[in-house]
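The primary structure of each chain is shown beneath.
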Amino acid sequence: MANHSIVARDLTYAYGENLAVDHISFEVGEAEIFAYLGPNGAGKSTTVKMLTGQIRPKSGTAALLGMDIAREPNKIQHHIGVAFETTNLYPQMSATENLALFARLFGVKADIPTLLERVGLGTRAKERVEGFSKGMKQRLMVARALVNKPRILFLDEPTEGLDPVSAEAIRELILETRANGATIFLTTHDMLEADKLSDRVAFINQGKIMALDTPHKLKQQYGKRLLKAEIERADGGLDTREITLDSADTGEAVKRLFENEKVVTVHSEEASLEDIFIQVTGRRLMG
Ligand code: ATP
């Protein structure tokens, strides 16, 4: 328990009859990047809202940094940063003023110019936020979430709708923040991002966690590999054969498949997280 930043036990939330989060349990380790991956309506935002104190769980418990979310919600706020769809920026204020206000609310000193520089808004610091693009606002929200040097950073779709350069800048910032010891809880439906950034991934569908592991282990456990082999015929010509392998298939089993053949080339493709998500949940992440 000591080195878990987040511990959730049977967290449950319903909007009326709709069970949005259904008895979810997981732990997130210190300085871990944890991706919470699922399609629209899976229950990602509802989980984050419970964890960050925006709504109260109907049942179940959770602790952040050893503090119970129901008993010590105010204390927790000083140690977490949240960049979320419901995060409000003040459009009439400049980027600097937004961050300064937030620092005052927390009673902390923040190096605002450096923070704005890190999210690529150094040259726009004095401009009013109302003139910012969606991507710029998103980057400012990430900067705002870092003002109090949080030990846990919650990010909701932080790179959605950003151009590739801005998205990469945000990803670098996430890695840098983790390198400084913070834990990152990331909701996303971008499986490439989850694969690239996260230490572990939780697949969430219809309010339940369907699988939870490192991207590598998920691929090993569920991933089918596609094997393409070129086989030389007796007349010297080549045949191509495609075989889908289960993760359970051993090298020996594969060898037996080609026992009496003359294999010229073999090419194998690993399943992507998206493939595995479909396999586990029967649903696509997007659309
Ligand atoms: P997205 O990727 O679209 O943000 P999500 O995984 O974050 O989706 P949630 O927003 O947690 O999903 O929604 C989970 C379920 O709860 C959905 O069925 C949704 O319709 C419902 N829901 C979410 N917010 C509300 C609300 N304020 N009132 C009623 N139902 C809600």
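Since the structure is predicted, the reported quantities are computational estimates derived from the model, not experimental observations. (Residues numbered from 1 in each chain as written. Predicted model: local features only at pLDDT ≥ 70, side-chain atom pairs only at ≥ 80, totals over all residues. Heavy atoms only, no water.)

Q: Mind laying out the site of the ligand, listing which residues take part and the relevant values?
A: Every residue close to the ligand is listed here: Tyr15, Asn18, Ala20, Pro39, Asn40, Gly41, Ala42, Gly43, Lys44, Ser45, Thr46 and His189. Serine 45 places a side-chain nitrogen or oxygen 2.6 Å from an oxygen atom of the ligand. Residue threonine 46 places a side-chain N or O atom 2.5 Å away from an oxygen atom belonging to the ligand. Protein contacts shield 62% of the accessible area of the ligand, which totals 630 Å² for the unbound molecule. For the shell around the ligand, the secondary structure elements donating two or more residues are β2 (18-29) and α1 (44-51). Examining the composition of the shell around the ligand, we find that three residues originate from one element, α1, more than from any other. (Near = heavy atom within 4 Å. Polar contact = N/O pair within 3.5 Å; in protein donor to acceptor, adjacent residues only side chain to side chain. Areas by Shrake-Rupley, 256 points an atom, 1.4 Å probe, with all protein chains shown as cover. Helix = DSSP H or I, 4+ residues; strand = E, 2+ residues; numbered from the N terminus.)

Q: Can you tell me about the packing of helix α8 (residues 215-222) against helix α10 (residues 273-281), naming the residues and giving the values?
A: Taken N-terminus to C-terminus, the directions of α8 and α10 make an angle of 55°; their axes are 10 Å apart at the nearest point. On the basis of their axis angle, the class for α8 and α10 is oblique. The hand of the α8/α10 crossing is left-handed. Counting all contacts with α8, which are made through Pro215, Leu218, Lys219 and Tyr222, the residues of α10 involved are Leu273, Ile276, Gln279 and Val280. Here the residues of the contact of α8 with α10 sort into six nonpolar, one polar and one charged. (Axes fitted to C-alpha atoms, helices over the stretch in contact; angles between N-to-C directions. Parallel < 35°, antiparallel > 145°, perpendicular 65-115°, else oblique. Left-handed = near helix turned anticlockwise from the far one by under 90°. Contact = heavy atoms within 4.5 Å. Nonpolar A, V, L, I, M, F, W, Y, C, P; charged D, E, K, R; others polar.)

Q: Residues and numbers for the domain arrangement of the chain, please.
A: When the domains of the chain are assigned, the result is domain 1 (4-219) and domain 2 (224-269). The C-alpha-based centres of domain 1 and domain 2 are spaced at 45 Å. (Domains from an automatic or database assignment.)

Q: With reference to specific residues and values, describe the side chain of glutamate 193.
A: Along the polypeptide, glutamate 193 turns up in helix α7 (residues 191-197). Residue classification places glutamate 193 among the buried residues on the basis of a relative accessible area of 3%. Setting aside anything within four residues of it in sequence, one finds glutamate 193 in contact with Pro158, Thr159, Arg171, Thr188 and Ser198. (Buried < 20%, exposed > 50% of the residue type's maximum accessible area, 1.4 Å probe, protein only.)

Q: Talk me through the pattern of salt bridges; I want residue IDs and the actual numbers.
A: Opposite charge on two side chains lets them pair, provided their charged atoms get close. According to the stated counting rule, one finds 17 salt bridges in the structure shown. Its salt-bridge partner being arginine 71, residue aspartate 68 comes within 3.8 Å of it at the nearest N-O pair. The salt bridge involving arginine 124 is made with glutamate 127; its shortest N-O contact spans 2.8 Å. A relative accessible area of 29% means that arginine 124 is categorised as partly exposed. Since its relative accessible area comes to 31%, glutamate 127 is described here as partly exposed. (Salt bridge = Lys/Arg side-chain N within 4 Å of Asp/Glu carboxyl O.)

Q: Report on the nonpolar core, specifying residues and quantitative values.
A: Of all hydrophobic cores here, the largest spans 34 residues; its most connected members are Leu99, Leu116, Leu140, Leu155 and Ile174. The set of elements that each furnish at least two residues to this core consists of α3 (95-106), α4 (112-118), α5 (134-145), β7 (152-156), α6 (164-179) and β8 (183-188). The element best represented in this core is α5, accounting for six residues. What isoleucine 174 contacts, discounting residues up to four positions off in sequence, is Ile33, Leu155, Pro158, Ile184, Leu186 and Leu197. Formed by 29 residues, the second largest nonpolar core is a distinct cluster that contains Leu11, Ile55, Ile76 and Ile204. (Core = buried A, V, L, I, M, F, W, Y, C linked by side-chain atoms within 4.5 Å.)

Q: Explain the packing of aromatic side chains to me, using residue names and the numbers behind them.
A: Tallied over the full model, the rule gives ten aromatic pairs. Here the aromatic rings of tyrosine 13 and tyrosine 15 are separated by 4.9 Å at their centres, their planes lie at 65°, and the arrangement is edge-to-face. Judged by its relative accessible area of 10%, tyrosine 13 falls in the buried class. We classify tyrosine 15 as partly exposed; its relative accessible area is 39%. Taken together, the aromatic side chains of Phe26, Phe34, Tyr36, Phe154 and Phe185 make up a single cluster linked through ring pairs. Arginine 144 extends its terminal NZ or CZ atom over the ring of phenylalanine 102, reaching a point 3.9 Å from the ring centre. (Phe/Tyr/Trp six-rings, centres within 6.5 Å; stacked < 30°, edge-to-face > 60°. Lys NZ or Arg CZ within 6 Å of the ring centre and 35° of its normal.)

Q: Could you give an account of unusual backbone geometry, naming the residues involved and the relevant values?
A: Phi is positive for histidine 23, close to 50°, though the residue is something other than glycine. Take histidine 23: it is sitting in strand β2. For histidine 23, a relative accessible area of 47% gives the class partly exposed. We note that glutamine 206 has phi near 45°; this positive angle belongs to a residue other than glycine. Take glutamine 206: it is sitting in the loop between β9 (200-205) and β10 (208-213). Look at glutamine 206 and you get exposed, because its relative accessible area is 58%.

Q: Tell me what's going on with α1, and back it up with residues and numbers.
A: With seven of eight residues buried, α1 lies mostly within the body of the structure. Along α1, the positions that sit buried rather than exposed are Lys44, Thr46, Thr47, Val48, Lys49, Met50 and Leu51. One or two positions beyond α1, positive phi appears at glycine 53, with a value near 80°.

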